[in-house]
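Residues per chain are reported as follows:
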Amino acid sequence: MTLTPAPLSDQAPPIPPCLPLVIPRPGQATPAGPPGRTGTCLTGGGPCPPSAPAASRQSLDSELKSARDPPPSPPRRPHGGYIGKGMLTGVVAGAVFTSPAVGSILAAIRAVTRAGAAGTLLIVKNYTGDRLNFGLALERARAEGTDVEMVVVGDDSAFAAPKKAGRRGLCGTVLVHKVAGALAEAGASLNEIVEKVSAAAKAMGTLGLSLSPCSVPGSKPTFRLADDEMELGLGIHGEAGVRRMKMLPADEAVETMLAHMTDPSNASRLPLSPGASVVLVVNNLGGLSCLELGIVAGAAVRCLESRGVHIARALVGSFMTALEMAGFSLTLMLVDEELVGLIRPDAARVQLVLERVCSTLLDMEDKLNELDRAAGDGDCGHTHARAARAIQEWVRARPPPAAPAQLLSALADLLLEKMGGSSGVLYGLFLTAAARPLLSRNDLPTWADAMDAGIEAMQRYGGAAPGDRTMLDSLCAAAQALHALRGPGADLLPVLATAVQSAEAAAEATRHMEAGAGRASYISSARLLQPDPGAVAAAAVLRAVLEGLRS
């Protein structure tokens, strides 16, 4: 179970009064997104002000860039940090704890329409002012002939008795952003996005707990707590909660929160049973340190696992804050495989690619053993199959890291421990060295750099070179083709397809080579009539990666 904190940022980008949401036609450039997006979402509101995680531009799956506490920063509008690929196109923000004006919302919708949008989705937290202003803007836009839909999010699990106004919209709204954005990025229609997002929003709950109130700039604290008290079930506007209690240790506090959220007598409860799969969000309400938030996150994981609940994904950070409030909220969303894939699309792709690689190596076990009998001890297939089974078990036990550097480092550790033989060490060397360039960047040119770094490490410590009839022959041929990724406008899949073809041709060419390294170097070249099994395996792995990405 891996906890992934949200990134920290010293300064948020400026948020203009209104930004457009667009679901464009295929190939249509958007005002706030790249060409070719088939859809995304605009969030509504300004009810919770500062500390929107502005660094989370690509997705909620970004990794923590610094382990230190965030420095002081000025108040920020909510949601602005979620503008990016696979997330929101724009945000319409109001003043602190205030809904944006109808005119601003309507201006954003009109801007989208002029850009040729296929439709507009408004994501609004359930507060009266937001519903009124966004609802009126929606009606006026529809009267102008615009295709607009609105999803109202209410994920509050604080109230035992139903309220006429419904459940408040809290940090669960961030997960709705992610689901809607991922669906739009995948090309779903507006109606399909609304349907799936609405279903997801009904399957989650959020509850807050704080040691202090907050203060709107220029005003007194919204409520008071004694030094030994904590407030349960408070909102994101500084309003008091539903229960005041004495201070508890983190484990007991989290257990109390989960008991309240799942209490059968609670009208806003989340039906959480053993065996359920959830996405967990541990959200800083503004005033906790990273250390304190980590303690809470650990307690939440232990409490959920003790209930037999599977945590498919855990997000820890400042996602939706309430000024300087020294508290946190827990959000749980019940998920299936499809929903997890939408919330963490990169991880889903990683898992798919790894599964394709593993199935390929398992299918080739006998073939690789046969090739190895002529040049070695006939166990190349067994060695690669052992690695494949270890990766399968690893993926089943926990979601693989989505960050490339972490993924490659984790695979290196796994293969060094489980694969065995010189192949395990060579793959470990390659992956460890390849991970280093990806620590700071993961664009296409950096992947070419990573390939070169991995090969250089294998040559430095293994002593082999291209032409020595080893796996390096396949890898070097592929690396040469991957240099095209450094060119302007490079497209990954065509370049990777060329690299795979080069690797396969190089693997086949090893049948005519004299072995210069490894066990085969002790055998007469007259007896080496088949391709090198290591080169064949490496080319097959690259082919599996390509097929996994294509699918």
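Because the structure is a prediction, the values reported are computed rather than measured.

S.K.: Sorry if this is basic, but what is going on with helix α13 (residues 444–462) here?
M.R.: Spacing of three or four residues puts side chains on the same side of an α-helix, whose turn is 3.6 residues. Taking 1.5 Å of rise per residue, 19 residues should cover 27 Å, and α13 covers 27 Å from first to last C-alpha, within 8% of that figure. Within α13 the residues assigned to the buried category are T446, A448, A450, M451, G454, I455, A457 and M458. The inward-facing, buried residues of α13 abut α12 (421–435) and α14 (471–482).

S.K.: What is the right way to read the packing of helix α3 (residues 172–185) against helix α4 (residues 190–201) from this model?
M.R.: Helix-helix packing: each pair is described by the crossing angle between the helix axes and the interaxial distance. As a packed pair, α3 and α4 sit with axes 10 Å apart at the nearest point and diverge in direction by 155 degrees. In terms of orientation, α3 lies roughly antiparallel with respect to α4. Remark: the crossing between α3 and α4 carries right-handed chirality. Two secondary-structure elements touch here, α3 through V176, V179, A180, L183 and A184 and α4 through I193, K196, V197 and A201. Counted by class, the contact of α3 with α4 contains eight nonpolar, no polar and one charged residues.

S.K.: Can you help me understand the nonpolar core in this one?
M.R.: Most often, soluble globular proteins have nonpolar side chains that are buried together. The biggest cluster of nonpolar side chains holds 61 residues, and the ones touching the most others in it are L354, I391, M451 and I455. When sequence neighbours within four positions are dropped, the list of residues in contact with L354 reads I391, W394, V395, P400, L407 and L411. In this structure, F97, I123, V151 and L234 belong to the second largest nonpolar core, which totals 50 residues.

S.K.: Help me out: how do you make sense of helix α10 (residues 380–397) in this one?
M.R.: Taking 1.5 Å as the rise per residue, α10 with 18 residues should run 26 Å; its terminal C-alpha atoms sit 26 Å apart, in good agreement. C380, G381, T383, H384, A385, A387, A388, A390, I391, W394 and V395 are the residues of α10 that are buried.

S.K.: Just to check I follow, could you spell out a nonpolar patch on the surface for this structure?
M.R.: A surface patch of nonpolar side chains, about 190 Å² in accessible area, is lined by L492, L493 and L549. Secondary-structure assignment places L493 in helix α15 (residues 492–509). We classify L493 as partly exposed; its relative accessible area is 30%.

S.K.: Explain the environment of L138 to me, please; I cannot follow it from the model alone.
M.R.: Looking at where L138 falls in the secondary structure, it is placed in helix α2 (residues 128–143). Through-space distance from the C-alpha of L138 to that of M150 is 7.7 Å; in sequence the pair is 12 residues apart. The residues touching L138, leaving out its near neighbours within four places in the chain, are L122, V148, E149 and M150.

S.K.: What is the right way to look at the environment of S440 in this model?
M.R.: Looking at the element boundaries, S440 is found in the loop between α12 and α13. In this structure the C-alpha to C-alpha distance between S440 and A405, which are 35 residues apart in sequence, comes to 8.7 Å.

S.K.: Help me out: how do you make sense of the pairing of strand β7 (residues 204–210) in this one?
M.R.: In summary, the side chains of a regular strand alternate between the two faces of the sheet. Most of β7 sits inside the fold, with seven of its seven residues counted as buried. Burial along β7 is two-sided: the residues M204, T206, G208 and S210 and G205, L207 and L209 are all buried. Judged from the seven bridges that link them, β7 and strand β12 (residues 327–334) form a sheet pairing that is antiparallel. By the bridge assignment for β12, G208 is matched with S329. Note that β7 and strand β8 (residues 229–232) share two bridges and pair antiparallel. Bridging from a neighbouring strand, L209 pairs with L232 of β8.

S.K.: Which parts of the structure should I look at to understand the pattern of salt bridges?
M.R.: Charged atoms that come close allow side chains of opposite charge to pair. With the rule as written, the count across this model stands at 19 salt bridges. Salt-bridge contacts for R307 lead to E255; the nearest nitrogen and oxygen are separated by 3.0 Å. Linking R307 in the loop between α6 (290–306) and β11 (310–317) with E255 in helix α5 (residues 250–262), this pair joins segments that are 52 residues apart in sequence. Residue classification places R307 among the partly exposed residues on the basis of a relative accessible area of 24%. On the basis of relative accessibility, which here comes to 31%, the residue E255 falls in the partly exposed class. With its nearest N and O atoms 2.3 Å apart, the salt bridge here joins R460 to E456. Of the two residues, R460 and E456 both sit in helix α13, four residues apart, roughly one turn of that helix.

Here is what the cut-offs are and how they apply
Residues numbered from 1 in each chain as written. Predicted model: local features only at pLDDT ≥ 70, side-chain atom pairs only at ≥ 80, totals over all residues. Heavy atoms only, no water. Helix = DSSP H or I, 4+ residues; strand = E, 2+ residues; numbered from the N terminus. Expected span 1.5 Å × (residues − 1). Buried < 20%, exposed > 50% of the residue type's maximum accessible area, 1.4 Å probe, protein only. Contact = heavy atoms within 4.5 Å. Axes fitted to C-alpha atoms, helices over the stretch in contact; angles between N-to-C directions. Parallel < 35°, antiparallel > 145°, perpendicular 65-115°, else oblique. Left-handed = near helix turned anticlockwise from the far one by under 90°. Nonpolar A, V, L, I, M, F, W, Y, C, P; charged D, E, K, R; others polar. Core = buried A, V, L, I, M, F, W, Y, C linked by side-chain atoms within 4.5 Å. Patch = residues over 30% accessible without salt bridge, like charges linked within 9 Å, V, L, I, M, F, W, Y side chains within 5 Å. Areas by Shrake-Rupley, 256 points an atom, 1.4 Å probe, with all protein chains shown as cover. Salt bridge = Lys/Arg side-chain N within 4 Å of Asp/Glu carboxyl O. Pairing = 2+ DSSP bridges.

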